[in-house]
Amino acid sequence: MSSRLCCRVLQRLQTAGSPPAASAAGSRSWITSPCCRLQAGPSCRGLSGSGRGTMNVFDRSMKRRQKNWAAALQDNNQFDYLRDEVGGRVADRVYDIARTFPLALDVGCGKSHIAEHLDKEVVERLFLSDISETTLKQRRQSEIPTLCVLADEEFLPFKENTFDLVVSSLSLHWINDLPGALKQVLKPDGVFIGAMVGGETLYELRCSLQLAETEREGGFSPHVSPYTAVTDLGNLLGQAGFNMLTVDIDEVQVHYPGIIEVMTDLQGMGESNCAWNRRSLLHRDTLLAAAAIYKEMYGNEDGSIPATFEILYMIGWKPHDSQAKPAKRGSATASFGDLSKISKPTNTDKS
């Protein structure tokens, strides 16, 4: 779908439906984007809305419902421990860049787990964007002036070359078209800093469910969402038009009493599987077998079980003429073959 056609669709949606209300409270205000209406429902599974022909792996409307449900829990703050930890680490990487960003965007901000660690000296103004309205209403306080935008990460309602900085923490792994979602909103020489879960995340849970389901039912279905492998992350960022890429891996291991607690916390985080090919039903016998396999294969001596979260951190810059560029091919004045001819320095005694 071309950008002009997208604009026409959005204009029709605005004309047909009631206009979104916007209210201001201090330095915070709300913008409800009509883009969030362009959701793939059960009857329109196929390609994602970026126009790149990307396969639609995740049900975005289901993910919105999951996050709204999790945010509506009375004790939902007890499930924020992973997002709080990763959000702080993403903020640390923002501080590593010696510049002030006039305008920044947090994609999939949740309860603003990154913004609470930033200050005005680094980011002057910040847009908070998330697919879940209930989650945005529970955003945390920050000294940075913020603007909340309710929108799907795959349909960011911003013009090209808008932001000096784009950050994201534990949200991009649910986006069908990762390159298409981020490549246009950054200004030239703008930087993207993000974190997402990697392919080895929850491998203990995945293996336990597969073994148990194979034993009890003669086959297995995907109960854990597919995640991006670290080997593919550089290619994805390259397709998005970023250069000077930096990718590093961190591993966070959380210990739980049992498999039920693992799955309960995933639901409380809004991180349940939303792939189109997911299987919603899990038989009781299969779950009991998975719990036994989990403890047998991965259990600790104290009876707890570990759940591993592989966190992929990435930094990419939008190209600009002022950035350092590699020298032209063939412009070298020395050869690696000459390194062996370099004599080692000799120690001379001074009298």
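Report follows, based on the coordinates.

The rules behind each value
- Residues numbered from 1 in each chain as written.
- Predicted model: local features only at pLDDT ≥ 70, side-chain atom pairs only at ≥ 80, totals over all residues.
- Heavy atoms only, no water.
- Helix = DSSP H or I, 4+ residues; strand = E, 2+ residues; numbered from the N terminus.
- Buried < 20%, exposed > 50% of the residue type's maximum accessible area, 1.4 Å probe, protein only.
- Contact = heavy atoms within 4.5 Å.
- Axes fitted to C-alpha atoms, helices over the stretch in contact; angles between N-to-C directions.
- Parallel < 35°, antiparallel > 145°, perpendicular 65-115°, else oblique.
- Nonpolar A, V, L, I, M, F, W, Y, C, P; charged D, E, K, R; others polar.
- Phe/Tyr/Trp six-rings, centres within 6.5 Å; stacked < 30°, edge-to-face > 60°.
- Lys NZ or Arg CZ within 6 Å of the ring centre and 35° of its normal.
- Pairing = 2+ DSSP bridges.
- Disulfide = S-S within 2.5 Å.

The next point concerns the overall build of the chain. When you go through the chain residue by residue, the secondary structure sums to nine helices and nine strands. The burial tally for the chain puts 48% of its 351 residues in the buried class. A fraction of 75% describes how many contacts in the chain between residues 6 or more apart in sequence connect residues 24 or more apart.

The N-to-C vectors of helix α8 (residues 259-269) and helix α9 (residues 284-298) enclose an angle of 105°; their axes lie 9 Å apart at closest approach. Considering the angle they form, α8 stands roughly perpendicular to α9. Across the interface between the two elements, I259, I260 and M263 from α8 touch L287, A290, A291 and Y294 from α9. Residue composition of the contact of α8 with α9, grouped by class: seven nonpolar, no polar and no charged.

Any pair of aromatic rings gets described here by the distance separating the centres and the angle formed by the planes. By the definition in use, this model includes seven aromatic pairs. Judged by centre distance (5.9 Å) and plane angle (75°), the ring pair of Y294 and Y298 falls under edge-to-face. Taken as a pair, Y294 and Y298 lie in helix α9 at a separation of four residues, close to a single helical turn. Like Y298, Y294 is buried. Among the aromatic side chains, those forming a connected cluster through ring pairs are F127, F158 and F163. One cation-aromatic arrangement involves K63 over W174; the distance from NZ or CZ to the ring centre is 3.8 Å. A cation over an aromatic ring shows up here: R93 above the ring of Y313, its NZ or CZ 3.8 Å from the ring centre.

Let's shift gears to the pairing of strand β3 (residues 101-107). For a regular strand, the rule is simple: side chains alternate between the two faces of the sheet. Counting buried positions along β3 yields six of seven residues, so the element is predominantly enclosed. Inspection of the sheet shows β3 paired to strand β4 (residues 123-130) by six bridges, in the parallel sense. Residue pairing in the sheet places F101 in a bridge with V123 of β4.

For the rest of this paragraph, the subject is α8. When α8 is considered as a whole, its buried residues turn out to be I259, V262, D265, L266, G268 and M269. Just beyond α8, the residue with positive phi is G270, at close to 75°.

What follows covers the state of the cysteines. In the structure shown here, the tally under the stated rule is zero disulfides. Lacking any disulfide linkage, C148 is separated from the closest cysteine sulfur, that of C109, by 6.5 Å.

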